[in-house]
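# Results of the structural survey
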2 protein chains.
Amino acid sequence: MSEAVSRPTLEAVAARAGVSRATVSRVVNGADGVREALAERVRRAVEELGYVPNQAARSLVTKRHDAVAVVIAEPETRVFADPFFALQLRGISKELTAHDAQLVLLLTEGRDDHARVGRYLAGGHVDGALVFSLHLDDPLPGLIQRAGVPTVFGGRPGWSDGSRRVVYVDSDNRGGAREAVRHLAGLGRRRIGHITGPLDQTSAVDRLDGYRDVMVDADPRLLVESDFTPADGERAMRELLDRCPDLDAVFAANDLTASGALRVLRERGLRVPEDVAVVGFDDMLPVAEQTDPPLTTVRQDIEEMGRLMTRLLLRGLDRGDGGTGQSGEAAVGGAPRSVVLPTTLIRRASA
Amino acid sequence: MSEAVSRPTLEAVAARAGVSRATVSRVVNGADGVREALAERVRRAVEELGYVPNQAARSLVTKRHDAVAVVIAEPETRVFADPFFALQLRGISKELTAHDAQLVLLLTEGRDDHARVGRYLAGGHVDGALVFSLHLDDPLPGLIQRAGVPTVFGGRPGWSDGSRRVVYVDSDNRGGAREAVRHLAGLGRRRIGHITGPLDQTSAVDRLDGYRDVMVDADPRLLVESDFTPADGERAMRELLDRCPDLDAVFAANDLTASGALRVLRERGLRVPEDVAVVGFDDMLPVAEQTDPPLTTVRQDIEEMGRLMTRLLLRGLDRGDGGTGQSGEAAVGGAPRSVVLPTTLIRRASA
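Residues numbered from 1 in each chain as written. Chains lettered and ligands numbered in written order. Predicted model: local features only at pLDDT ≥ 70, side-chain atom pairs only at ≥ 80, totals over all residues. Heavy atoms only, no water.

## Observations regarding the overall build of chain A
Along the backbone of chain A there are 15 helices and 12 strands. Of the contacts formed within chain A by residues at least 6 apart in sequence, a portion of 70% connects residues at least 24 apart. Within the structure as shown, chain A displays about 13,800 Å² of accessible surface, and the carbon and sulfur contribution to it stands at 48%. (Helix = DSSP H or I, 4+ residues; strand = E, 2+ residues; numbered from the N terminus. Contact = heavy atoms within 4.5 Å. Areas by Shrake-Rupley, 256 points an atom, 1.4 Å probe, with all protein chains shown as cover.)

## Topic: the packing of aromatic side chains
Residues and elements named next belong to chain A. Tallied over the full model, the rule gives 5 aromatic pairs over all chains. On the numbers, 5.7 Å between centres and 85 degrees between planes, the contact of Phe84 with Phe85 is edge-to-face. A residue is classified by how much of its surface remains accessible, and Phe84, at 16% relative accessible area, is buried. Its relative accessible area of 2% is what places Phe85 among the buried residues. An aromatic cluster of three or more residues is present, and its members are Phe84, Phe85 and Phe132. One Lys or Arg, Arg207, reaches over the ring of Phe281 and ends 3.9 Å from the middle of that ring. (Phe/Tyr/Trp six-rings, centres within 6.5 Å; stacked < 30°, edge-to-face > 60°. Buried < 20%, exposed > 50% of the residue type's maximum accessible area, 1.4 Å probe, protein only. Lys NZ or Arg CZ within 6 Å of the ring centre and 35° of its normal.)

## Points about the packing of helix 7 (residues 114–122) of chain B against helix 8 (residues 140–147) of chain B
Residue and element names in this part refer to chain B. Where helix 7 meets helix 8, the axes come as close as 9 Å, and the angle between the chain directions of the two elements is 20 degrees. If you check the angle between helix 7 and helix 8, you find them roughly parallel. Helix-helix and strand crossings are classified by hand; for helix 7 and helix 8 the assignment is right-handed. Together, His114, Ala115, Val117, Gly118, Leu121 and Ala122 of helix 7 and Leu140, Leu143, Ile144 and Ala147 of helix 8 make up the contact between the two elements. Among the residues making up the contact of helix 7 with helix 8, the classes are represented as 8 nonpolar, 2 polar and no charged. (Axes fitted to C-alpha atoms, helices over the stretch in contact; angles between N-to-C directions. Parallel < 35°, antiparallel > 145°, perpendicular 65-115°, else oblique. Left-handed = near helix turned anticlockwise from the far one by under 90°. Nonpolar A, V, L, I, M, F, W, Y, C, P; charged D, E, K, R; others polar.)

## Thoughts on the pairing of strand 9 (residues 277–282) of chain A
All names here are of chain A. Within strand 9, 6 of the 6 residues are buried, leaving the element largely enclosed by the surrounding structure. One ladder, built from 3 bridges, connects strand 8 (residues 249–252) with strand 9; its direction is parallel. Across the sheet, the residue bridging to Ala249 is Ala277, located in strand 9. When strand 9 meets strand 10 (residues 296–299), the two strands line up parallel, connected through 4 bridges. (Pairing = 2+ DSSP bridges.)

## What to know about the sheet that holds strand 8 (residues 249–252) of chain B
Residues and elements named next belong to chain B. Ordered in space as 7-6-8-9-10-12, the 6 strands form an open sheet in which the pairing is mixed. Where the open sheet ends on each side, the last strands, each with one partner, are strand 7 (223–225) and strand 12 (344–346). Direction aside, neighbouring strands of the sheet carry axes that sit 20 degrees apart on average. Contacts from helix 11 (residues 230–243) reach strand 6 (192–196), strand 7 and strand 8, with the element oriented near 155 degrees to strand 7.

## With respect to the pairing of strand 4 (residues 151–154) of chain B
Residue and element names in this part refer to chain B. Here strand 4 shows two buried faces, one formed by Thr151 and Phe153 and the other by Val152 and Gly154. Summarising the sheet, strand 3 (residues 128–132) and strand 4 pair through 4 bridges and their orientation is parallel. Bridge assignment links Ala129 to a residue of strand 4, and that residue is Thr151. In terms of handedness, the path from strand 3 via helix 8 over to strand 4 forms a crossover that is right-handed. In this structure, strand 4 lies alongside strand 5 (residues 168–171), joined through 2 bridges in parallel fashion. (Right-handed = clockwise from strand over helix to strand, strands pointing away.)

## Re unusual backbone geometry
Cis rather than trans, the peptide bond between Val272 of chain A and Pro273 of chain A has omega equal to 10 degrees. Of note, Pro273 of chain A is situated in the loop between helix 12 (255–267) and strand 9. In this chain, Asp292 of chain B is followed by Pro293 of chain B through a cis amide linkage whose omega measures -5 degrees. Mapped onto the elements of the fold, Pro293 of chain B is located in the loop between helix 13 (287–290) and strand 10 (296–299). At Asp100 of chain A, a position not held by glycine, the phi torsion is positive, near 50 degrees.

Shape descriptors only; they carry no functional weight alone.
Right, dumping it as structure tokens:
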């Protein structure tokens, strides 16, 4: 561990700059009313001594930690295995760095650890939180609300309780799914299967609703739930083919399950798109381009979603009482509103 | 330092500001109903005395935040692209979760953001830090030292300044490299190239030293530096082949560059291992098993390194005054010492 080094004090800065402690304090906290020449001397002393203001005290005064927590409600292994999260974090990281705010990623092994995440959020270590991949019955939203930390969600949270005002960024999952299935129907496909995502997540439910908008009274055997991973996409595709050997198309709720489905179709000797057409969701690169054949899919701009969540949160913090940790809702004020981004069908070879 | 002993109290703040304890409490807790002039006096007293309020104060009493920062001195895109970091984080996450401590991953866009990381570490948000992938000339070690937060490093830090006591976990990079190159020499190879890692990192320097232990007076054209990525492994392999067409073996400093080298050898119509034998370093799965041909490599237990770093840090925190952020060295006590783990040569088809 690093060696003991005494941190320079406010007194040391004052002594070096030849000013009073109060003057140092005012300069460090960005208060007005200090002559520029004096302020410059203080700043030089701060730099020379490597003075770091007592963050907790400074936070109390400025009401800012210049740090934002990111919570992904998935086990850490999933966070690193699914490129979706890396893309969203890329957008968040760029935006936070542009505002010189620290990205604090709180990792967990699973839902059992969410109470601890709630305690950290309540502990006054961050100005706000960006939370995504929520599942129904997850205690996290309640814990966050209790922590009182301003929050923007990635994806529409699934609770029906209207008492909670939330700000979220989402894609038009239902509209995108509708377009995907209409495209398959337009190719003359009639037995269109759907590999859904986990139905305790609104993104998966909304995509299923979009499928149903087109496939009214669809054969229930055409639906198989998956957990959004490639391996589970393979399992779901096998199940679909076993149930419905006459299947002529599949809409997979994300590109990773679509990639698994394509592997199974090839393994069974079925040609894509001639025998079975396949459409995914995400347009996750390079995955969607590197499948065999390349994947027709519904594009959502994942990195931009991360950026937008961050901008909404920072705007809320600037406008409201953000960062006091007293009121997440007040912090949002009447300002930022949820945003639903449009999706686009990207045609490649698979459908 | 004895700052913990003379920690300022609410009473001290009240006395300095010339107000009642109740008034201090109201201001500190963000309650309304205190005249702005009074509130300003309280805030100034808080700042001047370095008084740490409420939640943070409780942490000081218990001396624990139950949170550990992880800092990877690479841009966030690299953190998510290189499975090495995911493996190390997996070990850290499991170990911290077993101790109900929160993993706080501080992401950056690059070295320019390290000052901000230093501020966060100094801010009293974590009990300790795990820091890895340091590069020479990185300001991070100095910033961490100034922050006074107990730290364990992943990989031997590269500074020569003996004044800093450090605890680190590393693999026997030099011994492992020596074994790799001896293995190639034992196969009768004489023109053995080496794709090094970034030579501002001790892991890369140590592996180069191991190579030189065997290849005394090696032709300098047999050495090409890379940045540890697959793409740069490809570039380095092309350069090696252009310089030394008679090359009969390559020791790549990690599996990712080895995978890039294998692609280039195939592209040039060279057979592995018949024409050119290849050995990597890491035994990163599934990479090392899925290359064509599967990779002979030097195994280091990356996940175990993460676990061990975490255990050493937590042991230091338990024994010393860890978590006050006042004295990293005291926190270590005489207890945890650096550990260098052995490596093993894993033979597959490439050499």
